[in-house]
Amino acid sequence: MTGKKRIVLLGATGSIGQSTLSVIRNARDDLELVGISGNSRFRELAEIAREFRVPHAALADENAYRDCREAGAFPGACRLRSGISGITELAVLPEADVVLVASSGTAALGPALAAIEAGKDIALANKEILVLAGKFVTAAARKHQVRLLPVDSEHSALFQCLEGRRTEDVSRLILTASGGAFIDREPDELARVIPADALRHPNWSMGPKVTIDSATMANKGLEMIEAHWLFSFDADRIDVVLHRQSIIHSMIELTDGSILAQLSPPCMTFAIHHALMYPRRVPGVAKGLDFSEVHRLDLAPLPPGRFPCLTLAREALHAGGVAPAVFNTANEVAVEAFLAHRFPFLHIPHVIDNTLEAFDNFEPRTVNDVLEVEKAARRTASELVQSQPWKKIS
Ligand code: NDP
Ligand code: MG
């Protein structure tokens, strides 16, 4: 491709959004921001519109949109839209080349599918939409011949290791996991942890949902399902290994036993930069590994029985059908309750397990099927959260 790549950034005000802005700030000759979205933080979004002179923007939250209009927060040259329809309009902007999906949650599914149908390449940070509807997202990408470029650091690593390789030469994918905030806590201490404890991740600064998911290892479970859809490996050929330093972002094992890995400092800009610049390799924003310092690279098996959310995710992937969608929704509901101090950390896997139990699995035929399941799973999981005599923990 010649000229600048024109980017629509969904979730511009979030953690990945901010890292993406640093990448774009540093590559203004190559990348141009043509659309940005957020949910409700309109002042932050307006600031981004101003700095990057972005012509198109959208706020998902209608109330925030009204407040924003009243406050006259946006520069006049930026056309602001609202609601899911506004975000979908951004995703199909004729001038856009790539849509970076960095908004959180499954609300991104519709806009992402619309972008694919409009022939846009997708840089994908959001993993929830693949877990919910991976079958439909990947089928649409194949049909419309667009690229799904992974931004999640593990999948970016796998993508880079797999590139140019015959799939029959690869025996397994090995995802690395830092272990999250509680890897060194005694199991009985976990009964008393509060959101602030779980939000302190040792290596990464991320949004609240994905940070809690790292502490329960549900995140690695979601990533396993994400890897299945991105690279067509089944659950038996996707392993997880503990790697506390988050420098090896993931590995592949070849059939002759060799392992290939991708290494870089624990910073999302490498993966974002790779997805946006693909297939070019040009200097990025952050400094690479400095071997004038000593680096430890520990690799260890996960402590057995310690991460039930990961086991449940693996079972859901094995089961297929709508089980991964139910897993994702139940986890989302339980994490929301934990973040609101309404629910203890250790009960997150129980809600997932019980919600999965409550559903008869089936193969979804349409996106609507999974959206219906998501609604029903949300109801079931919410009832489970409320029905228990959970005590408020603070
Ligand atoms: P944040 O919570 O930091 O940001 C979320 C972004 O999405 C914000 O811009 C938010 O807007 C917007 N948003 C929230 N809800 C909606 C909605 N209903 N409709 C439209 N936009 C919405 O999340 P992260 O940046 O941490 O994560 C984003 C995605 O990337 C997630 O799917 C996560 O799993 C994935 N990911 C994140 C990593 C990380 O390092 N952070 C690593 C790998 C993957 P507002 O600010 O207005 O609320
Ligand atoms: Mg990740």
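What you are looking at is a predicted structure, and each value in this text was computed from that prediction instead of being measured. (Residues numbered from 1 in each chain as written. Chains lettered and ligands numbered in written order. Predicted model: local features only at pLDDT ≥ 70, side-chain atom pairs only at ≥ 80, totals over all residues. Heavy atoms only, no water.)

**Examining the state of the cysteines**
- Scanning the model with the defined rule gives 0 disulfides in all.
- Between Cys-68, a cysteine without a disulfide, and Cys-78, which holds the nearest cysteine sulfur, the sulfur-to-sulfur distance is 9.1 Å.
- Judged by its relative accessible area of 2%, Cys-68 falls in the buried class. (Disulfide = S-S within 2.5 Å. Buried < 20%, exposed > 50% of the residue type's maximum accessible area, 1.4 Å probe, protein only.)

**Some remarks on the coordination of the magnesium ion (ligand 2)**
- Ligation of the magnesium ion (ligand 2) by protein atoms is provided by Asp-152 (OD), Glu-154 (OE) and Glu-223 (OE), these donors lying 2.1 to 2.2 Å from the ion.
- Donor residues for the magnesium ion (ligand 2), ordered by position in the chain, follow D-x1-E-x68-E. Residue Glu-154 is found in helix H7 (residues 153-162), and its partner Glu-223 is found in helix H10 (residues 218-231); the two are separated by 69 residues along the sequence.
- The buried category is assigned to Glu-223, whose relative accessible area is 1%. (Donors = N, O, S within 2.8 Å, 3.2 Å for Na, K, Ca; no water. Helix = DSSP H or I, 4+ residues; strand = E, 2+ residues; numbered from the N terminus.)

**Things to note about the packing of aromatic side chains**
- Per the counting criterion, the structure on display carries 3 aromatic pairs.
- When the ring of Phe-159 is compared with that of Tyr-278, the centres are 5.3 Å apart and the planes differ by 55°; the resulting orientation is tilted. Pair noted here: Phe-159 is in helix H7 and Tyr-278 is in the loop between helix H11 (269-277) and helix H12 (308-319), with a separation of 119 residues, a long-range link. Here Phe-159 matches Tyr-278 in class, with each residue buried.
- When the centroid spacing of 5.0 Å and the interplanar angle of 90° are considered together, the rings of Phe-182 and Phe-345 count as edge-to-face. With Phe-182 in the loop between strand S8 (170-177) and helix H8 (195-198) and Phe-345 in the loop between helix H13 (323-339) and helix H14 (348-357), this pair connects stretches of sequence that are 163 residues apart.
- A residue is classified by how much of its surface remains accessible, and Phe-182, at 2% relative accessible area, is buried.
- Given a relative accessible area of 5%, Phe-345 falls into the buried group.
- Taken together through their ring pairs, the aromatic side chains of Phe-182, Phe-338 and Phe-345 make up a single cluster. (Phe/Tyr/Trp six-rings, centres within 6.5 Å; stacked < 30°, edge-to-face > 60°.)

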